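# Fold and geometry: a report
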Amino acid sequence: MAPEVTYDLIVIGAGPGGYVAAIRAAQLGLKVACIEKERSLGGTCLNVGCIPSKALLESSELYAQAKDKLKDHGVQIGQLSLDLAKCMERKDQVVGQLTGGVAFLFKKNKVDHILGTAQVNADRSVTVRQNKEETLLKAKNVLIASGSSPIELPGLKIDQKSIVDSTGALALPKVPKSMIVIGGGYIGLELGSVYLRYGSQVTVLEALDRIVPAMDLEVGKAFQRILHKQGMNFQLSTKVKKATVGKDGVEVEVEDAAGKASTLNAEVVLVAVGRRPNTSGLGLDKAGIKLDERGRIAVNSHFQTSLAGVYAVGDVIAGPMLAHKAMEEGVAVVESLAGQAGHVNYDAIPSVVYTWPEVASVGLTEEQVKEKGIEYRAFKYPFTAVPKAIAMGEKEGFVKLIADKKTDRLLGAHILGPRASDMIAELVLAIEFKASAEDIARTCHAHPTLSEGVKEAALGLGSGPIHI
Ligand code: NAI
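Overview of the structure. (Residues numbered from 1 in each chain as written. Predicted model: local features only at pLDDT ≥ 70, side-chain atom pairs only at ≥ 80, totals over all residues. Heavy atoms only, no water.)

Strand order across the open sheet formed by three strands is β12-β13-β14, with antiparallel pairing between neighbours. The strands lining the two open edges of the sheet, one partner per strand, are β12 (239–246) and β14 (261–266). Shown here is a sheet whose adjacent strand axes are inclined to one another by a mean of 20°, direction ignored. As judged from the seven bridges shared by β12 and strand β13 (residues 249–255), these two strands associate in the antiparallel manner. (Pairing = 2+ DSSP bridges. Helix = DSSP H or I, 4+ residues; strand = E, 2+ residues; numbered from the N terminus. Axes fitted to C-alpha atoms, helices over the stretch in contact; angles between N-to-C directions.)

And the structure:
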């Protein structure tokens, strides 16, 4: 069968990596199709990841504020009650608005959305299967942005009722009395926070001796203390052996660092132990597209796979599994295809945990700086000394900056505190522009704002902070 249409670019997957690349490519004048097996566009991020979890985090934080914080502001609430169904309905509306937005942008930019499962062939054609029908499409270039899926643990069968992954945890019909979260990473702490705020007893089991292992150690420890104070329990260096669903919930068999076995019980178990790249079903092997040693699609610095004209971005290749990283990569690929200089600066990719307080980082951790043998200075400025934080009643956490001792260049920035996700942007820009700590310290920051903590931390690396 001869290929039907010739596109400039076929994008496989309409998650943040794929849909952003498709829109940008169309804006740059390419004829683009985006193949997605789900009717709803936006991939994991918009449908069952970043966006619904942020909707639930927002709702549950408002509930927690009403329960614990508003009285300090003189706001009295009589009988507080929770309508979880309403909160889930709102989350679905948020998702609907944003996935519909992608469909609108596809139409506006004349990106063809093709429903089906894609397989790449060695001649760079793409076979699309939908309801037993097969279509063969041909393109000058193909971009694989097939994303990732939750990792399942042996001995724990996900039933999305008692033992859930992130998708199940985003749609629980009621607040469980107790929840065991396996994995103290991004998903575990964010979704664990949602149900903790709604009144679940939450216990996080983490295999390593620290939570969010990639985070600056000092920040991670302070973060864990704050979450513990909120009521989240932690069992670190704990291996999960097996979980059995019974009448009274789930029984989880664990083993501590010394090899001592014990059993824990909870109404719901959330498994959040990482994600694996979606590489199966794409015909990669047959097409001659190689994987790296960790099962991700191997690409060169231009995101080119081992098959000429086929590129890959996002969770399916190396690097942090973050929506904004995938978006940057997708744009870099299509800008290169359009004759521009597409490039991603991996030193300037922020990461955020959307708990309360939030944790946001960019650049190197103190451990990484030490490992590289760089002479450095680090300074921590607490939110207890930031007027806006005091006025908000949100004084937990600090801004930690790390700079090269010789050149004063900013190497890393870590914020544990209120609205850290918004504050990190100026520090990402600082790293992108290779700013020095002095550049940040000399920049006028509006008063009173939380970002004064950033200025004071930068002053701390030089002539000294003013307000402590
Ligand atoms: P993660 O990689 O962030 O954390 C997984 C945690 O589980 C690690 O601390 C790991 O040591 C632990 N673990 C692994 N196996 C275990 C076991 N058998 N028993 C106990 N603990 C175990 O993965 P997570 O939280 O599942 O998130 C998946 C991906 O999604 C991440 O790569 C993250 O980048 C992304 N994500 C990002 C978010 C954000 O940017 N705010 C939010 C949610 C997810």
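So much for the structure itself; the text now carries on.
The subject of this paragraph is empty space enclosed by the protein. Empty space among the atoms becomes visible once a probe the size of a water molecule is rolled across them. On inspection of all chains with the given rule, the structure shows two cavities of 30 Å³ or more. Considering only enclosed or pocket space, the largest cavity measures out at about 50 Å³ in volume. Taken together, Tyr381, Ala385, Val386, Pro387, His447, Glu452, Glu456 and His467 make up the lining of the largest cavity. Broken down by class, the residue content of the lining of the largest cavity amounts to four nonpolar, two polar and two charged. Its boundaries defined by the atoms lining it, the second largest cavity holds a volume of some 40 Å³. Together, Pro150, Ser166, Ile187, Val271, Ala272, Val273, Gly274 and Arg275 line the second largest cavity. Residues belonging to the lining of the second largest cavity are distributed by class as follows: five nonpolar, two polar and one charged. (1 Å grid on protein atoms, 1.4 Å probe; cavity = no way out; pocket = protein on both sides within 12 Å on 5 of 7 lines; lining within 4 Å. Points joined across faces, edges and corners; volume = space filled by probe spheres on them. Nonpolar A, V, L, I, M, F, W, Y, C, P; charged D, E, K, R; others polar.)

Our focus in this paragraph is the pairing of strand β1 (residues 6–12). Judged by how many residues are buried, β1 sits mostly within the fold: six of seven residues are covered. Here β1 runs beside strand β6 (residues 133–144); their pairing, made up of six bridges, is parallel. Paired with Ile10 across the bridge in β6 is Val142. With four bridges connecting them, β1 and strand β2 (residues 32–36) associate as parallel partners. Bridging from a neighbouring strand, Ile12 pairs with Ile35 of β2. In this view, the connection linking β1 to its parallel neighbour β2 by way of helix α1 (residues 16–27) has right-handed handedness. (Buried < 20%, exposed > 50% of the residue type's maximum accessible area, 1.4 Å probe, protein only. Right-handed = clockwise from strand over helix to strand, strands pointing away.)

Here α1 crosses helix α4 (residues 84–108) at 25°, and the two axes come no closer than 9 Å. With respect to each other, α1 and α4 are oriented roughly parallel. The hand of the α1/α4 crossing is left-handed. Facing Tyr19, Ala22 and Ile23 of α1, the residues of α4 in contact are Val102, Leu105 and Phe106. Its residues assigned to classes, the contact of α1 with α4 shows six nonpolar, no polar and no charged. (Parallel < 35°, antiparallel > 145°, perpendicular 65-115°, else oblique. Left-handed = near helix turned anticlockwise from the far one by under 90°. Contact = heavy atoms within 4.5 Å.)

With that settled, the discussion passes to the pattern of salt bridges. By the definition in use, this model includes 23 salt bridges. The shortest N-O distance in the salt bridge between Glu267 and Lys174 comes to 2.6 Å. Taken together, the residues Glu267 in the loop between β14 and β15 (268–271) and Lys174 in the loop between α5 (166–169) and β9 (178–182) connect sequence positions 93 residues apart. Looking at Glu267, the relative accessible area reads 24%, which means it is partly exposed. The partner of Asp216 in a salt bridge is Lys400, with the nearest N and O atoms 2.9 Å apart. Linking Asp216 in the loop between β10 (201–205) and α7 (217–230) with Lys400 in strand β21 (residues 398–404), this pair joins segments that are 184 residues apart in sequence. Using a relative accessible area of 0% as the deciding quantity, one classes Asp216 as buried. (Salt bridge = Lys/Arg side-chain N within 4 Å of Asp/Glu carboxyl O.)

Right, let's talk about the packing of aromatic side chains for a bit. Each aromatic ring pair is characterised by the separation of its centres together with the angle its planes make. In this structure the tally under the stated criterion is one aromatic pair. Seen in terms of ring centroids, Tyr63 and Tyr198 are 5.4 Å apart; in terms of plane orientation they differ by 65°. Their pairing is edge-to-face. Of this pair, Tyr63 sits in helix α3 (residues 50–69) while Tyr198 sits in the loop between α6 (186–197) and β10; the two residues are 135 residues apart in sequence, bridging distant segments of the chain. The exposure classification of Tyr63 matches that of Tyr198, with both residues buried. The positively charged end of Lys380 is found above the aromatic ring belonging to Phe398, 5.4 Å away from the centroid. (Phe/Tyr/Trp six-rings, centres within 6.5 Å; stacked < 30°, edge-to-face > 60°. Lys NZ or Arg CZ within 6 Å of the ring centre and 35° of its normal.)

Approximately 620 Å³ is the volume attributed to the second largest pocket. In this structure, the second largest pocket is lined by 23 residues; those nearest its centre are Glu61, Gln65, Lys69, Trp356 and Glu394. Within the residue set of the lining of the second largest pocket, elements represented by two or more residues are α3, α6 and α7. Per-element tally for the lining of the second largest pocket: the top contributor is α3, with six residues. By residue class, the composition of the lining of the second largest pocket is seven nonpolar, five polar and 11 charged.

Attention shifts here to the environment of Lys69. For Lys69, the location among the structural elements is in helix α3. In sequence terms Lys69 and Gly393 are 324 residues apart; their C-alpha atoms lie 8.5 Å from each other. Once you skip the residues sitting within four places of it in the chain, Lys69 turns out to touch Glu61, Ala64, Trp356 and Glu394.

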